[in-house]
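What follows is each chain in one-letter form.
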Amino acid sequence: MRQVTTVSELRKLIGQARQAGQRIGFVPTMGALHEGHASLIRAARRETDFVVVSIFVNPTQFGPNEDYQRYPRTPQADALLCQREGVDLIFAPTVEEMYPPGYCTWVEVTGLQDVLCGRSRPGHFRGVATVVLKLFHLVQPDIAYFGQKDAQQARIIRQLVRDLNVPVKIRVCPIVREPDGLAMSSRNAYLSPEQRRQATVLYRALCAAKELVEQGERHAERVRQHMVRLIEATPGAVLDYAEIMDPETLQPVREIQQPVLAALAVRIGPARLIDNMTLTPPGS
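If you're wondering where the values come from, they're calculated on a predicted model, not measured in any experiment. (Residues numbered from 1 in each chain as written. Predicted model: local features only at pLDDT ≥ 70, side-chain atom pairs only at ≥ 80, totals over all residues. Heavy atoms only, no water.)

### Some thoughts on the sheet that holds strand S9 (residues 271–279)
Phase 1: Spatially, three strands are ordered S7-S8-S9 in an open sheet, and the strand pairing comes out antiparallel. Among the strands making up the open sheet, the edge pair consists of strand S7 (237–245) and S9. Direction aside, neighbouring strands of the sheet carry axes that sit 15° apart on average.
Phase 2: Two strands pair when backbone bridges link them, and strand S8 (residues 260–268) and S9 are joined in this way by nine bridges, in the antiparallel orientation. Counterpart to alanine 263 in the pairing with S9 is asparagine 276. (Pairing = 2+ DSSP bridges. Helix = DSSP H or I, 4+ residues; strand = E, 2+ residues; numbered from the N terminus. Axes fitted to C-alpha atoms, helices over the stretch in contact; angles between N-to-C directions.)

### Brief notes about unusual backbone geometry
Phase 1: Within the chain, leucine 116 stands out as a residue other than glycine whose phi angle is a positive 50°.
Phase 2: Within the secondary structure, leucine 116 sits in the loop between helix H4 (95–98) and helix H5 (117–120).
Phase 3: Even without being glycine, asparagine 165 reaches a positive phi, approximately 55°.
Phase 4: Looking at the element boundaries, asparagine 165 is found in the loop between helix H7 (151–163) and strand S6 (169–173).
Phase 5: For asparagine 165, a relative accessible area of 66% translates into the label exposed. (Buried < 20%, exposed > 50% of the residue type's maximum accessible area, 1.4 Å probe, protein only.)

### A short note on the packing of aromatic side chains
Phase 1: Following the criterion strictly, the structure yields eight aromatic pairs and no others.
Phase 2: Seen from their ring centres, tyrosine 99 and tryptophan 106 are 6.2 Å apart, and the 25° between their planes marks the pair as stacked.
Phase 3: Classification of tryptophan 106 as partly exposed rests on a relative accessible area of 32%.
Phase 4: Ring geometry for phenylalanine 136 and phenylalanine 146: centres 6.4 Å apart, planes at 80°, overall edge-to-face. (Phe/Tyr/Trp six-rings, centres within 6.5 Å; stacked < 30°, edge-to-face > 60°.)

### Section: helix H2 (residues 35–47)
Phase 1: Taking 1.5 Å of rise per residue, 13 residues should cover 18 Å, and H2 covers 18 Å from first to last C-alpha, within 8% of that figure.
Phase 2: Taken as a whole, H2 has its buried residues at Gly36, His37, Ala38, Ser39, Leu40, Ile41, Ala43 and Ala44.
Phase 3: Along its buried surface, H2 packs onto strand S2 (24–29), strand S3 (50–55), helix H3 (75–84), strand S5 (143–147) and S6. (Expected span 1.5 Å × (residues − 1). Contact = heavy atoms within 4.5 Å.)

### A look at the pattern of salt bridges
Phase 1: The final tally for this structure, using the stated rule, is 20 salt bridges.
Phase 2: Taking the shortest distance from any N to any O, the salt bridge between aspartate 67 and arginine 187 comes out at 2.8 Å. Here aspartate 67 is found in the loop between S3 and H3, whereas its partner arginine 187 is found in the loop between S6 and helix H8 (193–198), with 120 residues between them in sequence. This pair shows no difference in class: aspartate 67 is buried, exactly as arginine 187 is. (Salt bridge = Lys/Arg side-chain N within 4 Å of Asp/Glu carboxyl O.)

### Side note on the environment of serine 192
Phase 1: Secondary-structure assignment places serine 192 in the loop between S6 and H8.
Phase 2: Judged by its relative accessible area of 28%, serine 192 falls in the partly exposed class.
Phase 3: For the pair serine 192 and arginine 2, spaced 190 residues apart in sequence, the C-alpha separation works out to 35 Å.

### Some thoughts on the side chain of asparagine 58
Phase 1: Within the element layout of this structure, asparagine 58 appears in the loop between S3 and H3.
Phase 2: Only 2.7 Å separates the side chain of asparagine 58 from the side chain of tyrosine 99, close enough to count as a polar contact.
Phase 3: At 3.2 Å, the side chain of asparagine 58 and the backbone oxygen of glycine 127 are in polar contact.
Phase 4: In this view, asparagine 58 contacts Met30, Tyr68, Tyr99, Gly127, Val128 and Val131; residues no more than four positions away in its chain are not counted. (Polar contact = N/O pair within 3.5 Å; in protein donor to acceptor, adjacent residues only side chain to side chain.)

### Describing the sheet that holds S3
Phase 1: Strand order in the open sheet made by the six strands is S1-S4-S3-S2-S5-S6, with parallel pairing throughout. With one partner strand each, in any of the chains shown, strand S1 (2–4) and S6 form the two edges of the open sheet. Between one strand and the next, the sheet's axes are offset by a mean angle of 25°, whatever the strand orientation.
Phase 2: In the sheet, S2 pairs with S3 via six bridges, with the strands oriented parallel.

As structure tokens, then:
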């Protein structure tokens, strides 16, 4: 396994892999790697020949009062996980390498970036779309791997790739959960033991919504309100949003006649947690 920090080193090694006829798989991350990231790496290892993981805490996707400075950074543990999972190359650039002096170009996916997390984190998805497109240009992967936990991000990246004709296939892999259902996230490290117990309400609310739909409930607002009540009844949980939406448009639906996406964002202590689940009415 190699680890590089500069664009020139990265391009040299990517070029060598291409010359050898290898298919390139790419897993973009912000580090603090966990089993969710490992599942993406394993998918890349199965489907491609040369696996690249980027580790870059991207400052442009954090707001002025968000957790950029304290976002967990665990480079040694990240390298061990990558080595264990058979990664060929880690790209861990500095901020200056990705955004040199005078940088002033941005990518926006309008509409999709303005709802859900985009409502409460203005500018977040502009930063995400920009850094992901830069990384796609640098790594030139055949397939890039993202997690379903970040459903809005994955939908935005799919749109970006389609609209800008980026020659990469996007794989969205299933959410990896703790035994009690909590979606794995680097921000889970912020939680105290009590907050960690409270955080399971996201998964419990989504499961309750799924059960309602499977029992025949078709009114999206009634399902949404049931999730809201469960979250609001949990001490320490502050709801950002709970939505039942079309998975393509990310717009709220009124009637659940086909598979929809239930999505939540909840603040618990210092952590803002997100989760989602597909709700499929029987017979659809």
